[in-house]
Amino acid sequence: FTMRGVLGSLNLTDSLAKINVPTLLTSGRFDTIRPSTVKTMQREIKQSEYKLLPHSGHCSMIDDAKLMNDVIADFLERVEH
């Protein structure tokens, strides 16, 4: 996957360290975003965690709705209490 057009040169990696709230990063095993890219994001966002959904592509909320909902519910329960 390659960004093109007006987003082709957009790179916000340096801004990720400014995020200072609990952040959930997810991707599917068959997603267009590679796990290495998400792990880079995770390293830069201090309060982040990453969940790889093993049976989904880019639309995890459709491909594996129950697991995605469970992951989000678990995250929200932990960060809101």
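Keep in mind it's a predicted model, so treat the numbers as computed, not measured.

What counts and what doesn't
Residues numbered from 1 in each chain as written. Predicted model: local features only at pLDDT ≥ 70, side-chain atom pairs only at ≥ 80, totals over all residues. Heavy atoms only, no water. Helix = DSSP H or I, 4+ residues; strand = E, 2+ residues; numbered from the N terminus. Buried < 20%, exposed > 50% of the residue type's maximum accessible area, 1.4 Å probe, protein only. Contact = heavy atoms within 4.5 Å. Areas by Shrake-Rupley, 256 points an atom, 1.4 Å probe, with all protein chains shown as cover. Core = buried A, V, L, I, M, F, W, Y, C linked by side-chain atoms within 4.5 Å. pLDDT = per-residue confidence, 0-100.

Peer 1: What's the story with the overall build of the protein chain in this structure? I'm lost.
Peer 2: A count of helices and strands for the protein chain gives 3 helices and 2 strands. Summarising its shape, the C-alpha atoms of the protein chain cover approximately 35 × 30 × 20 Å along the three principal directions. Burial status across the protein chain gives 23% buried among its 81 residues. Sequence-distant contacts, at least 24 apart, represent 63% of the contacts inside the protein chain between residues at least 6 apart. For the protein chain, the computed accessible surface area is about 6100 Å², with 56% contributed by carbon and sulfur atoms.

Peer 1: Got a minute to help me understand the nonpolar core in this structure?
Peer 2: What tends to happen in soluble globular proteins is that the nonpolar side chains get buried as a cluster. Membership of the largest hydrophobic core is limited to 5 residues, which are Leu16, Leu25, Val38, Ile45 and Tyr50. With residues up to four places along the chain from it excluded, the contact list for Leu16 reads Met41, Glu44 and Ile45.

Peer 1: For this particular structure, what's the right way to read the confidence of the model for the protein chain?
Peer 2: Detailed reading of the predicted coordinates is not advisable wherever pLDDT falls low. With 96% of its residues at a pLDDT of 70 or more, the protein chain shows a mean pLDDT of 89. Mean pLDDT values for the elements of the protein chain range from 82 in helix α2 (residues 60-63) up to 95 in helix α3 (residues 65-80).

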